[in-house]
Amino acid sequence: QVQLVESGGGLVQAGGSLRLSCAASGRTFRSYAMGWFRQAPGKERESVAAITWSGGRTYYVDSVKGRFTISRDNAKNTVYLQMNSLKPEDTAVYYCAATAQSDYVGGRKEVYDYWGPGTQVTVSS
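On to the packing of aromatic side chains, then. The full count for this structure, using the stated rule, is five aromatic pairs. With 4.8 Å between their ring centres and 55° between their planes, F37 and W115 make a pair best called tilted. Here the residue F37 occupies a position in strand β4 (residues 33–39), and W115 occupies one in strand β10 (residues 114–115), the gap between them amounting to 78 residues. Note on W115: relative accessible area 26%, which makes it partly exposed. Plain terms: the ring middles of Y104 and Y112 are 5.8 Å apart, the flat faces sit at 75° to each other, and that makes the pair edge-to-face. An identical accessibility class is assigned to Y104 and Y112; each is buried.

Right, here's the structure in full:
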């Protein structure tokens, strides 16, 4: 019912910033909460941030608190992840995901119904 496509990844020096975007398309009548996940080589996919459909609640994994900000513009069907003060350990493929549980905010992968193909973020030291 919905397709997700991430953009904005790339190479950046440590301490730099990137803004990821996730555009949703397709025909759906559902209101989706959104999340960002990342997966580094050899590691399991982990949650990074999440936001309810209304934008009223957000969640961040401890390692990115104070550096990353998740936001959304429902009129544009887009969710963003602003990443500041990037560190080499932030290097990963970043995925956005959507769940029909519109008030859900969290990082349980099983809850999410749709996933984007991912975008690579590489932070050099």
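Bringing the state of the cysteines into the picture now. Chemically, a disulfide is nothing more than a covalent bond linking the sulfur atoms of two cysteines. Evaluated as defined, the whole model comprises one disulfide. Here C22 engages in a disulfide with C96; their sulfurs sit 1.9 Å apart. Torsion about the S-S bond of the C22 and C96 cystine: about 55°, corresponding to right-handed handedness. Residue C22 is located in strand β3 (residues 18–25), and its partner C96 is located in strand β9 (residues 92–99); the two are separated by 74 residues in the primary sequence. C22 gets classed as buried once you look at its relative accessible area, which sits at 1%.

Basis of the calculations
Residues numbered from 1 in each chain as written. Predicted model: local features only at pLDDT ≥ 70, side-chain atom pairs only at ≥ 80, totals over all residues. Heavy atoms only, no water. Phe/Tyr/Trp six-rings, centres within 6.5 Å; stacked < 30°, edge-to-face > 60°. Helix = DSSP H or I, 4+ residues; strand = E, 2+ residues; numbered from the N terminus. Buried < 20%, exposed > 50% of the residue type's maximum accessible area, 1.4 Å probe, protein only. Disulfide = S-S within 2.5 Å.

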